[in-house]
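So you can see what is in the structure, the chains are spelled out below.
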Amino acid sequence: MYLYKILEATTILTLRVGKTPFTKHPYEFLAKLELSGTATRSAVFNYWLYHSDGQIGFERDDLFTLMGLTRDLSRTVPIKAVRTAAKLARDGLVRLILLLLLAKRSKNELDSFQLRKLLENITIKEHDGALVKLVEAYESTHPYVSEYIYEISTEDFLAKLNKLAPHRADIPEVRASLHEWMARFTKDEHFLERARAVRIDHQLNRVRNEIDDHRIYVDPSRFSSWIEDEMMIELNSALTSTGSGRKGVSVNCDETILSLVMGQCYNAFCSNPVFGIASYIGRRIRHGTFHGHLYSSVINQIEKGEKFGHLSRSPQFVAKWSAWKDAYNRSIEEVIRDRLHVNSKAKPLGLLQPEVYGPQKLEILSAAVNTISTAYAETKTVAGIDLDIIDYCWRLAECDLIAVNRYLKNLQVPLKNIPFLENELLPSVALADTKLAESFRRELEHSIDRKIAAVFEWFKRPSIVAPKASLSLLFDAIVAEIKDTTPDFNPQEDENSNGEVELVGGAYHIVYDSLAVVVANAAKHGDRSRPVRRNFEITSGKQKLLIVKISSSIRLSDDPAEVSAVIEERKKANFQDANLYQGKSGISKLLLLAHNRQDLSLEQYEVLGNEVHVRLTYDLEH
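Now for a description of the structure that goes with this document. (Residues numbered from 1 in each chain as written. Predicted model: local features only at pLDDT ≥ 70, side-chain atom pairs only at ≥ 80, totals over all residues. Heavy atoms only, no water.)

1. Section: the overall build of the chain
Here is step 1: If you tally the helices and strands in the chain, you get 27 helices and ten strands.
Here is step 2: Relative to its full complement of 622 residues, the chain shows a buried share of 45%.
Here is step 3: In the chain, once contacts between residues fewer than 6 apart in sequence are set aside, the share between residues at least 24 apart is 70%.
Here is step 4: A total of about 32,100 Å² of accessible surface is found on the chain, and carbon and sulfur atoms cover 50% of it. (Helix = DSSP H or I, 4+ residues; strand = E, 2+ residues; numbered from the N terminus. Buried < 20%, exposed > 50% of the residue type's maximum accessible area, 1.4 Å probe, protein only. Contact = heavy atoms within 4.5 Å. Areas by Shrake-Rupley, 256 points an atom, 1.4 Å probe, with all protein chains shown as cover.)

Right, dumping it as structure tokens:
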């Protein structure tokens, strides 16, 4: 390996279009290779920034062109130098690029704030406030800028763009539109599926009458960057392909290495102090939220109300009440100090144990390895695998979070210190105040119960990043969507239905899409005054299958034989162009969906008596 000295670049023009060699050595062909590639240019650019401390003036066109001749700058640029260069930049777009480069590297909230404000100002001023128009504007001239804006515009990032997404309901629509742009840009339909998934999640939250505000969080952007930086070598060694062409490619997936990779990823997912669950718990502890929620809000509500003001006139009661508060405070601080941590040598009592694997977690780990292997076998690339890793990390985390909530639930009785309340606090009041003291105790206990119940929600998976939904909720969401255009559609409750089956991850999106076709057909062509009967079940055994059965009544004015003939005709028709037209038959769209998905099968769509019966089956990995 040759060692050579990198010469200090004097102008950005040299890096952008210059033909002067970057290095000083006698090897002509190596010098040409360095000039033609991106690695050396990226290294020199970072070297130049570092030694100049960022005190450089950038011309817009030069910098835009240079960005297309470099690689991985978002993970390698010197933070302080880029920050200085951004401050000195007079051109708004130059400053935007520099702040975009800082987005993943810098942990400084001020950098993120400045990026958001500048992005909002440019988008509003030049692109009518539509972020998708901004990425479209750079798509042809500077596509890497568009791609980078797409990457950083996660739901969490968009939630802070108050001017571009003023309402929570705007966030999923903006993100979905960006997914659709990426689908057009890359000609990859996978992004259309992601857009559809975002919109379905929003519809579900609309039916739930909530937009998720759970406080546990893992930054997906930073976690994905960590996977790229730390785990790609291991992933590439576990997932290999040889040969060329569809028939000649041989794929090898080492499940042992994949299991180790998933284990390391999950450990970082929980323990990393920057993006992991540990960071979330740390913020709760540092900001005093847990203590404030369980102690301050409980005590202040009791003491500041006028209802029990009379009891404070008794010195004996005040003394006992102070003793109870001290014990209560010590218990809460003990939980914060010893329990609300990821288990480690330093914190052996930590409740979150990412390195401990029981049967349920081992089953999830196995499903993760299978999903990653299958995805690689189909695509022959590791691109997008980080999304599968994030999904399964949340599934593993949910198992560990059960232990946290179980501990908090068991904490309810000890926290109240009921023996002290009964034997010390209540007897300290005069007989005339006994009923008031009893009321005091009941309200105190109820307040603690309510606060702990609220804390349970802090330690649950946010559905916006690792969604799940019961089939009854899916059905209700579909009905709500249909009622926007067909207000009199009211399928009513079905007492015989089984809707408590719950699906996790991306699986329910395909269920939603296929079920929506069937229910929309029932609303359009069926008897809207009668219930739509439905039944959902999951088979046990090695192969898990979800079976969905839907039955709707034919209108009294329609002839069942004619309805049957129309359905059979639609089933036999060509369905390949079904997505190109609106109206006509949803059956063609359903057949196309089943054709494109190996995990979906349309087993029945026929008239029996005066009803239309549909049976769908789905393969479930986990």
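2. A closer look at the environment of Arg 313
Here is step 1: Here Arg 313 shows up in the loop between α18 (289-304) and α19 (315-339).
Here is step 2: Since its relative accessible area comes to 66%, Arg 313 is described here as exposed.
Here is step 3: With 116 residues separating them in the primary sequence, Arg 313 and Val 429 have C-alpha atoms 9.8 Å apart.

3. Quick notes on the environment of Leu 96
Here is step 1: Looking at the secondary structure, you find Leu 96 in helix α7 (residues 92-105).
Here is step 2: Looking at Leu 96, the relative accessible area reads 1%, which means it is buried.
Here is step 3: In the structure, Leu 96 is positioned 22 residues away from Leu 118 in sequence and 6.7 Å away in space, judged by C-alpha atoms.

4. Notes on the pattern of salt bridges
Here is step 1: Tallying each qualifying case throughout the model produces 19 salt bridges.
Here is step 2: The residue Lys 320 makes a salt bridge to Glu 424 at a minimum N-O spacing of 2.8 Å. Placement of the pair is Lys 320 in helix α19 and Glu 424 in helix α22 (residues 418-425), with a sequence separation of 104 residues.
Here is step 3: Between Glu 422 and Arg 441 there is a salt bridge, with the nearest N and O atoms lying 3.2 Å from each other. Taken together, the positions of Glu 422 in helix α22 and Arg 441 in helix α23 (residues 434-456) put the pair 19 residues apart, joining distant regions of the chain.
Here is step 4: In this structure, a network of salt bridges that share partners links the residues Glu 422, Glu 438, Arg 441 and Glu 445. (Salt bridge = Lys/Arg side-chain N within 4 Å of Asp/Glu carboxyl O.)

5. What about the pairing of strand β8 (residues 544-553)?
Here is step 1: Summarising burial for β8: seven of the ten residues are buried, a large majority.
Here is step 2: Here six bridges tie strand β7 (residues 533-538) to β8, and the two strands are oriented antiparallel to one another. By the bridge assignment, Ile 538 is partnered in β8 with Leu 546.
Here is step 3: As judged from the ten bridges shared by β8 and strand β10 (residues 611-620), these two strands associate in the antiparallel manner. Counterpart to Lys 544 in the pairing with β10 is Leu 620. (Pairing = 2+ DSSP bridges.)

6. Structural notes on the sheet that holds β10
Here is step 1: Taken together, the four strands give an open sheet; going across it, the order is β7-β8-β10-β9, and neighbouring strands pair in antiparallel fashion. Of all the strands in the sheet, the pair left with one neighbour each is β7 and β9 (600-608). If you compare each strand with its neighbour and ignore which way they point, the axes differ by 10 degrees on average.
Here is step 2: Relative to β9, helix α27 (residues 586-596) is tilted by about 150 degrees, and along the sheet it contacts β9 and β10. (Axes fitted to C-alpha atoms, helices over the stretch in contact; angles between N-to-C directions.)

7. What about the packing of aromatic side chains?
For any pair of aromatic rings, the description consists of the separation of the ring centres together with the inter-plane angle of the planes.
Here is step 1: Counted under the stated rule, the structure contains 16 aromatic pairs.
Here is step 2: Aromatic side chains Phe 223 and Phe 269 sit 5.3 Å apart centroid to centroid with 65 degrees between the ring planes, which places their arrangement in the edge-to-face category. You can see Phe 223 sitting in helix α14 (residues 220-230) and its partner Phe 269 sitting in helix α16 (residues 255-271), a full 46 residues away along the chain. Here the two residues Phe 223 and Phe 269 agree in accessibility, since each one is buried.
Here is step 3: Ring pairing ties together the aromatic residues Tyr 295, Phe 308, Phe 317, Trp 321, Trp 324, Tyr 328 and Phe 440, which thus form one cluster.
Here is step 4: One residue, Arg 175, lies across the ring of Tyr 150, its end atom 4.7 Å from the ring centre.
Here is step 5: Directly above the aromatic system of Tyr 392 lies the positively charged group of Arg 395, at a separation of 4.3 Å from the ring centroid. (Phe/Tyr/Trp six-rings, centres within 6.5 Å; stacked < 30°, edge-to-face > 60°. Lys NZ or Arg CZ within 6 Å of the ring centre and 35° of its normal.)

8. Some details on the nonpolar core
Proteins that are soluble and globular tend to have nonpolar side chains buried together.
Here is step 1: Ranked by size, the top nonpolar core spans 77 residues in total, and within it Phe 223, Ile 277, Phe 290, Tyr 328, Ile 389 and Phe 459 carry the most contacts.
Here is step 2: In terms of residues, this core owes the most to one element, helix α21 (residues 385-416), which gives 14 residues.
Here is step 3: Within the second largest apolar cluster, 50 residues are counted, among which are Ala 85, Leu 96, Ala 130 and Trp 181. (Core = buried A, V, L, I, M, F, W, Y, C linked by side-chain atoms within 4.5 Å.)

9. A closer look at the pairing of β10
Here is step 1: Across the ten residues that make up β10, a large majority, eight, are buried.
Here is step 2: Bridging between β9 and β10 involves eight bridges; their strand directions are antiparallel. Considered in β10, the bridge of Leu 602 is made with Leu 616.
Here is step 3: Hairpin connection, β9 to β10: the antiparallel pair is bridged by two residues, and Gly 609 has positive phi, about 65 degrees.

10. Examining the side chain of Thr 617
Here is step 1: Tracing the backbone shows Thr 617 in strand β10.
Here is step 2: A polar contact is formed between the side chain of Thr 617 and the side chain of Glu 603, at a distance of 3.4 Å.
Here is step 3: For Thr 617, the contacting residues outside a window of four places in its chain are Leu 546, Ile 547, Asp 599, Leu 600, Ser 601 and Glu 603. (Polar contact = N/O pair within 3.5 Å; in protein donor to acceptor, adjacent residues only side chain to side chain.)

11. As for the packing of α14 against α16
Packed helix pairs are characterised by how far apart their axes lie and by the angle those axes make with each other.
Here is step 1: Across the interface, α14 lies against α16 with an axial gap of 11 Å and an inter-helix angle of 140 degrees. When you trace α14 past α16, the crossing you get is right-handed. Touching Phe 223, Trp 226 and Ile 227 of α14 are Gln 264, Cys 265, Ala 268 and Phe 269, all from α16. (Left-handed = near helix turned anticlockwise from the far one by under 90°.)

12. Quick notes on the packing of helix α20 (residues 359-379) against α21
Here is step 1: In the contact formed by α20 and α21, the axes pass within 10 Å of each other and the chain directions differ by 175 degrees. In terms of their interaxial angle, α20 and α21 are classed as roughly antiparallel. Across the interface between the two elements, Gln 360, Lys 361, Ile 364, Leu 365, Ala 367, Ala 368, Thr 371, Ile 372 and Ala 375 of α20 pack against Ile 385, Asp 388, Ile 389, Tyr 392, Arg 395, Leu 396, Cys 399 and Asp 400 of α21.
Here is step 2: Of the residues contributing to the contact of α20 with α21, the split by class is eleven nonpolar, two polar and four charged. (Parallel < 35°, antiparallel > 145°, perpendicular 65-115°, else oblique. Nonpolar A, V, L, I, M, F, W, Y, C, P; charged D, E, K, R; others polar.)

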